Amino acid sequence: MGRIVRGLALASSSVLATSAFGADHVVGPGQSIQAAIAIAANGDRVLVQPGVYVQSIDLLGKDIDVLGVGGPAATILDASGSALVLVSMTSGEPATASVSGFTLRGGLTGIKIAGPTHAVIRNVIVEGQSKFGLSSAHAGDGVFATPTVQPFPRLIESIVRGNAGTGVVGALDVERCVVSGNAEAGLVNVNSCVESYVTGNVGTFGGGLVGGKSYSRCVIANNTAIAGAGGSFSGSQTVSISGCEFRGNVAIQRGGGVDLLGQYPHDDAGFPTATIRNCSFFGNSAGQTGGAVYLSVSKSFSGSPNGVTELHRSTFVGNTPNGVAGTCDVTKLRDSVFWAQSNPIVVKRATNPSLDTLLFADFTLSTLPLFGVGNLNADPLLVDPVLGDMHLTAASPCIGTGSPVLVPDVEGDSVEGGVDIGADEFVAHLSVPDVVMAGGPITLRTYGPIGAPVVLFASTSRLDTGIATIAGPLLLGFPLLPAFPLSLGPIGTNSRLEISAVVPPSVPAGTSLHFQAYVGGSASRLTLPVTVIIG
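A short tour of the structure in this document, coming up. For clarity, every value in this text was computed on a predicted model and none was experimentally measured. (Residues numbered from 1 in each chain as written. Predicted model: local features only at pLDDT ≥ 70, side-chain atom pairs only at ≥ 80, totals over all residues. Heavy atoms only, no water.)

### Focus on the pairing of strand β56 (residues 530–534)
No. 1: Most of β56 is tucked away, with five of its five residues classed as buried.
No. 2: Across four bridges, the pairing between strand β54 (residues 512–519) and β56 is antiparallel. Looking across to β56, one finds that histidine 514 is bridged to threonine 531. (Buried < 20%, exposed > 50% of the residue type's maximum accessible area, 1.4 Å probe, protein only. Helix = DSSP H or I, 4+ residues; strand = E, 2+ residues; numbered from the N terminus. Pairing = 2+ DSSP bridges.)

Here it is, written out as structure tokens:
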């Protein structure tokens, strides 16, 4: 649906306040960062000045902050082609310890986390890790974590790209990150992933995501795998995927968007449950079956029901060869759209594959009529389903005809005037590309009521400031640039207003641009802020 990752802000520079506690140890080019870490006490900071440092570091279990003062574009740890771990945190670093502001390049592993470590990694670029001809596990990984106790370590507002192994693997929490172009999957068995962009990764079983427990408000696009190109999940734990977009992923076998494999190994009372909420699936494909989602959710012994899959408030358009396929005894649909899909739901019972799944469908729009309460069989009148723009137009029959369950949509928009069927709630909102290149084009699209005037705001920094509007006090997410606000004109008959511009070539990679729009007229409101990272 063209949603970008909200809140992603990889800084091009760092502004450091005076340390309230502890001492600052300043390291310049030609000096040893590790030597400064060795003499630092808990509560100290190691401030690394801009430059290229051909060395690796270990935090030694200390409660310290190691910061690249100039940000990742200016402060580089370079393994210089050696089979080194660039950053090690394996001695129980606490949650108040951190590493931030570096590019980590050319090692065996960018970051290794192990043992009772809870540390935070923020605002880093991890790229170009190599296998060096080694067959050892996790060679070439960007981030490799095996923590033994909670809370899990956190990877925040970072880029992990172009590594010969996996981008990020292990039990840690990933927040507002870009994971792209990694050779052995993007994310593997992470504890959680929030507001991140996972694209162009290649894997065997899962190109974008493999395993894990919880994914929310992520974009998973253009990943490739034998099975589960967007994501592959297996095991007995409950899997939750919410507010995510799966688009353009390709599986050679099954599960273009998601491949869900859940099985309980013992005779217990629980049912393996896979839940997909507030997600959109567009243009995903599989060579065999399950263009959007492939299911194999069951117990490993006889009994009924034998696995439950829940698909809530999601939209499936243009996935091939079908939408949702596989085996699962109970499939529950609610507030969802299946359109432009041949054979939208092809799910058989795990206990008897000759029978269709026990299907419960309510408030769902489908190409083929469905039995249940509040179901529709009509054109959803999407803005542009051929090109993957699955926002609703003002005349859509999905508006206000959903169930009474008031949940935000795929873009985080709140419910107004009744739940809309599908992943998109028809309220005024702004959409921009996920990643934009300096010197390249940027297209901003504002959605809302036909004829509503639009005023655009933009900036390179964020500062929540209250402003008065006819709708009452609202928040503007940043100070205005001198050239803004910019009046764009009214929203067109397709419920969309589009404007294109060019990002100046001088904008540094890693810069964040923040956008917000005020949509006037009868539905006057300020849209949620959105953020673009310059690649």
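### Considerations on the sheet that holds strand β34 (residues 285–286)
No. 1: Pairing within the open sheet is parallel, and its four strands lie in the order β22-β26-β30-β34. The open sheet is flanked by β22 (202–205) and β34, the only strands paired with a single partner.
No. 2: Looking at chain direction, β22 and strand β26 (residues 224–227) are connected through three bridges and run parallel. Across the sheet, the residue bridging to phenylalanine 205 is alanine 227, located in β26.

### Observations regarding the sheet that holds strand β46 (residues 429–431)
No. 1: Pairing is antiparallel in the open sheet, where three strands are placed in the order β46-β48-β53. Where the open sheet ends on each side, the last strands, each with one partner, are β46 and β53 (496–502). Strand-to-strand twist across the sheet, computed as the mean angle between neighbouring axes with direction ignored, equals 20°.
No. 2: In this sheet, strand β48 (residues 441–447) lies alongside β46 in antiparallel orientation, the contact comprising three bridges. Pairing of leucine 430 across the sheet is with threonine 446, part of β48. (Axes fitted to C-alpha atoms, helices over the stretch in contact; angles between N-to-C directions.)

### So, the pattern of salt bridges
No. 1: Tallied over the full model, the rule gives 17 salt bridges.
No. 2: A salt bridge links glutamate 157 to arginine 176; its shortest N-O distance comes to 3.0 Å. Remark: arginine 176 occurs in the loop between β17 (173–175) and β18 (178–180) and glutamate 157 occurs in the loop between β14 (154–156) and β15 (159–161); sequence separation between them is 19 residues. Each member of the pair glutamate 157 and arginine 176 is classed as buried.
No. 3: With a closest N to O distance of 3.4 Å, arginine 254 and aspartate 259 form a salt bridge.
No. 4: Each of Asp389, Arg445, Arg496 and Glu498 takes part in one network of salt bridges that share partners. (Salt bridge = Lys/Arg side-chain N within 4 Å of Asp/Glu carboxyl O.)

### Observations regarding a nonpolar patch on the surface
No. 1: Together, Phe205, Ile226, Val250 and Ile252 line one region of the surface with nonpolar side chains, adding up to about 340 Å² of accessible area.
No. 2: Its location among the elements puts phenylalanine 205 in strand β22. (Patch = residues over 30% accessible without salt bridge, like charges linked within 9 Å, V, L, I, M, F, W, Y side chains within 5 Å. Areas by Shrake-Rupley, 256 points an atom, 1.4 Å probe, with all protein chains shown as cover.)

### Observations concerning the side chain of serine 216
No. 1: Note on placement: serine 216 falls in strand β24 (residues 214–216).
No. 2: For serine 216, a relative accessible area of 10% corresponds to the buried category.
No. 3: Those residues within four positions of serine 216 in sequence are excluded, and the remaining contacts are Cys193, Val194, Glu195, Ser242 and Cys244. (Contact = heavy atoms within 4.5 Å.)

### Considerations on the nonpolar core
No. 1: Ile33, Val66, Ile111, Val168, Leu187 and Val293 are the most contacted members of the largest nonpolar core, which totals 67 residues.
No. 2: When residues no more than four places from it in sequence are discounted, the contact partners of isoleucine 111 are Val87, Met89, Leu104, Ile121, Val124, Val126, Gly142, Val143 and Phe144.
No. 3: Counting residues in hydrophobic clusters, the runner-up holds 22 residues, among them Leu430, Leu488, Leu513 and Ile534. (Core = buried A, V, L, I, M, F, W, Y, C linked by side-chain atoms within 4.5 Å.)

### Details of the packing of aromatic side chains
For any pair of aromatic rings, geometry is given as the distance between the ring centres together with the angle between the planes.
No. 1: All told, the structure shown has four aromatic pairs when counted by the stated rule.
No. 2: When the ring of tyrosine 215 is compared with that of phenylalanine 233, the centres are 5.5 Å apart and the planes differ by 75°; the resulting orientation is edge-to-face. Placement of tyrosine 215 in strand β24 and of phenylalanine 233 in strand β27 (residues 231–235) is noted, with a sequence separation of 18 residues between them.
No. 3: On the basis of relative accessibility, which here comes to 1%, the residue phenylalanine 233 falls in the buried class.
No. 4: With 4.9 Å between their ring centres and 5° between their planes, phenylalanine 246 and phenylalanine 281 make a pair best called stacked. (Phe/Tyr/Trp six-rings, centres within 6.5 Å; stacked < 30°, edge-to-face > 60°.)

### Focus: the environment of proline 353
No. 1: With respect to the element layout, proline 353 can be found in the loop between β41 (345–348) and β42 (358–362).
No. 2: Accessibility expressed as a relative area gives 54% for proline 353, which makes it exposed.
No. 3: Spatially, the C-alpha atom of proline 353 lies 7.3 Å from that of threonine 327, the residues being 26 residues apart in sequence.

### Notes on the state of the cysteines
No. 1: Taken as a whole and assessed by the stated rule, the structure comprises zero disulfides.
No. 2: Cysteine 218 forms no disulfide, and the closest cysteine sulfur to it belongs to cysteine 193, at a distance of 3.6 Å.
No. 3: In this structure cysteine 218 comes out as buried when scored by relative accessible area, which is 1%.
No. 4: Between cysteine 279, a cysteine without a disulfide, and cysteine 244, which holds the nearest cysteine sulfur, the sulfur-to-sulfur distance is 4.8 Å. (Disulfide = S-S within 2.5 Å.)

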